[in-house]
Amino acid sequence: LPLLLEATLVQLASGSYHPFYNGFYYNHLMNDKGNGQEKVDHFNGARLVVETPKDPVYSSNGANVTLPCHYQFEPDTEAKRKIRIKWSKLRDDYTKEQDVLVAIGKTYIAFGDFLGRAHLHQASRREASLLLSDVRLQDGGKYRCEVIDGLEDESDVVDLQLRGIVFPYQPPRGQYRLNFHEAEQVCQEQGAILATFNQLFQAWSEGLDWCNAGWLADGTVQYPIRLPRKPCGGLHLAPGIRSYGPRHRHLHRFDAFCFSSGLRGEVFYLEHPAGMTLEEAKQSCQDAGAEIARVGQLYSAWKFLGLDRCDAGWLADGSVRYPITKPRANCGPAEPGVRSFGFPSKGRFGVFCYKER
């Protein structure tokens, strides 16, 4: 240590540049041939390397998923080292990271929403993978795997993406009635969360075209356009995501873009010869051992289970909709989608119910 400190002070005093690696200085040495060739760096000790997948890891709501992480030393060493492992979730707004799990050896502890769901997976030598059970919609995002060896600290990031569907939503009160916090609430009420920009972009690339602006999870307001037209930014603009940028989360009002993932149960349709009111529809689902379906559940059943029904049915928010995977005559437009009759104050329809497995 005294020799390392002395070498460091000499380098600082000389004012010359030297590389720096996580608190450890490299020896910066000239070759002794005096021929002006490049300097060679030698590290004082084994270098810690942490590796995670470069491609995203995909999962869905209710599933179990492993986020791979491995570490090694260069040069390799067989010496036992007291390694500490920390997993954290990066926030979209770059504020303080959310603690997920910390571990020393085989002992670990999980935090907050991850308590009881986050586990350390060490099936092989120098593995520090994270096992997440019962994945939730909020779990999507980037996770940092950090390995600490004494004073040395290295990390890498894993991107967890949930397979899902983005759908626009406006409440019974009509268009542009939601501030940011109300948009968060209505998405939760529909079995969903506010979509991220990446999720909206993916939906746009798959064909989503919607001319009404809606809130996203980062507090921006945007909308996806596939076919440029005058009311939607003008004919002169190329297809893409139109953005209003960040808006005031309390004062400004728009619609919402919600994100829903896979289902843990099934959506099915109940009908009555004379149709049902909303209250009768709710009771019919309860009598069948289920509950009236939410909008997000209907979209997920349409997207992932191929639900196709050309009969309008009540949903929990008081809207009437039906899902079409195979467009045909008398079932709406020529494209697949979830059709909406809005929020009728009167009328008798069937009902879509949801039942957990």
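For the structure given in this document, a descriptive report is provided here. In this text the structure is predicted, and so the values were computed from the model without any measurement.

Right, let's talk about the environment of Cys258 for a bit. Among the structural elements, Cys258 can be located in strand S20 (residues 255–261). When sequence neighbours within four positions are dropped, the list of residues in contact with Cys258 reads Ile165, Val166, Phe167, Tyr169, Cys187, Ala192, Ile193, Leu194 and Ala195.

With omega at -5°, the peptide bond leading from Glu74 into Pro75 counts as cis. Mapped onto the fold, Pro75 is located in the loop between strand S7 (70–74) and strand S8 (83–89). Positioned with a positive phi, Tyr176 is a non-glycine residue whose angle comes to about 55°. Mapping Tyr176 onto the fold places it in the loop between strand S15 (164–169) and helix H2 (180–189). By relative accessible area, Tyr176 is classed as partly exposed at 28%.

Glancing now at the state of the cysteines. Two cysteines, two sulfur atoms, one covalent bond between them: this is a disulfide. According to the stated counting rule, one finds five disulfides in the structure shown. One disulfide in the model links Cys69 with Cys145; its S-S distance is 2.0 Å. Taking the sign of the S-S torsion, -80° for the link of Cys69 and Cys145, the bridge is left-handed. Of this pair, Cys69 sits in the loop between strand S6 (65–67) and S7 while Cys145 sits in strand S13 (residues 141–149), and the two are 76 residues apart along the sequence. The exposure class of Cys69 is buried, given its relative accessible area of 0%. Relative accessible area serves as the criterion here: at 0%, Cys145 is assigned to the buried category. Between the sulfur atoms of Cys211 and its disulfide partner Cys232 the distance amounts to 1.9 Å.

A few words on helix H3 (residues 197–205). Every buried residue belonging to H3 is among Gln199, Leu200, Ala203 and Trp204, and all of these are buried. The buried residues of H3 all sit within an arc of 140° when viewed along its axis, so they share a single face. The inward-facing, buried residues of H3 contact S15, strand S16 (193–194), strand S18 (220–225), strand S19 (240–246) and S20. Looking one or two places after H3, you find Gly207, whose phi comes out positive at around 120°.

For the structure on display, the rule yields 15 aromatic pairs. Geometrically, the ring pair formed by Tyr322 and Phe341 is edge-to-face, given 5.8 Å between the ring centres and 75° between the ring planes. Taken together, the positions of Tyr322 in strand S24 (residues 320–324) and Phe341 in the loop between strand S25 (337–340) and strand S26 (350–356) put the pair 19 residues apart, joining distant regions of the chain. Its relative accessible area of 48% is what places Phe341 among the partly exposed residues. Taking the centre distance of 6.4 Å and the plane angle of 65° together, the rings of Phe341 and Phe349 count as edge-to-face. Accessibility expressed as a relative area gives 19% for Phe349, which makes it buried. What links up through ring pairs into an aromatic cluster is the set Tyr176, Phe180, Trp215, Tyr223, Tyr244 and Phe254. Sitting above the plane of the Trp204 ring, Arg226 keeps its charged end 5.4 Å from the centroid. One residue, Arg249, lies across the ring of Phe180, its end atom 4.3 Å from the ring centre.

The next point concerns the side chain of Asp149. Within the secondary structure, Asp149 sits in strand S13. Under the relative-accessibility criterion, Asp149 is labelled buried at 12%. With near-sequence residues (within four places) excluded, Asp149 lies in contact with Leu48, Phe73, Arg81 and Ile83.

All right, on to the sheet that holds strand S12 (residues 129–132) then. Pairing within the open sheet is antiparallel, and its three strands lie in the order S6-S12-S11. In this open sheet, the two strands that pair with only one neighbour each are S6 and strand S11 (118–121). Within the sheet, the average angular offset between the axes of one strand and its neighbour, ignoring direction, is 30°. Relative to S12, S11 is paired through four bridges, and the arrangement is antiparallel. Bridge pairing in S12 places His119 opposite Leu131.

Now for helix H5 (residues 295–305). In terms of burial, H5 is largely enclosed, as eight of its 11 residues are buried. Among all positions in H5, only Val295, Gly296, Gln297, Leu298, Tyr299, Ser300, Ala301 and Trp302 are buried. Gly306, located one to two residues past H5, shows a positive phi value of around 70°.

Let's shift gears to the nonpolar core. With 87 residues, the main nonpolar core has Leu67, Trp87, Leu130, Tyr143, Val267 and Phe352 as its most contacted residues. The leading source of residues in this core is H5, at five residues.

The rules we used
- Residues numbered from 1 in each chain as written.
- Predicted model: local features only at pLDDT ≥ 70, side-chain atom pairs only at ≥ 80, totals over all residues.
- Heavy atoms only, no water.
- Helix = DSSP H or I, 4+ residues; strand = E, 2+ residues; numbered from the N terminus.
- Contact = heavy atoms within 4.5 Å.
- Buried < 20%, exposed > 50% of the residue type's maximum accessible area, 1.4 Å probe, protein only.
- Disulfide = S-S within 2.5 Å.
- Arc of directions from axis to C-beta.
- Phe/Tyr/Trp six-rings, centres within 6.5 Å; stacked < 30°, edge-to-face > 60°.
- Lys NZ or Arg CZ within 6 Å of the ring centre and 35° of its normal.
- Pairing = 2+ DSSP bridges.
- Axes fitted to C-alpha atoms, helices over the stretch in contact; angles between N-to-C directions.
- Core = buried A, V, L, I, M, F, W, Y, C linked by side-chain atoms within 4.5 Å.

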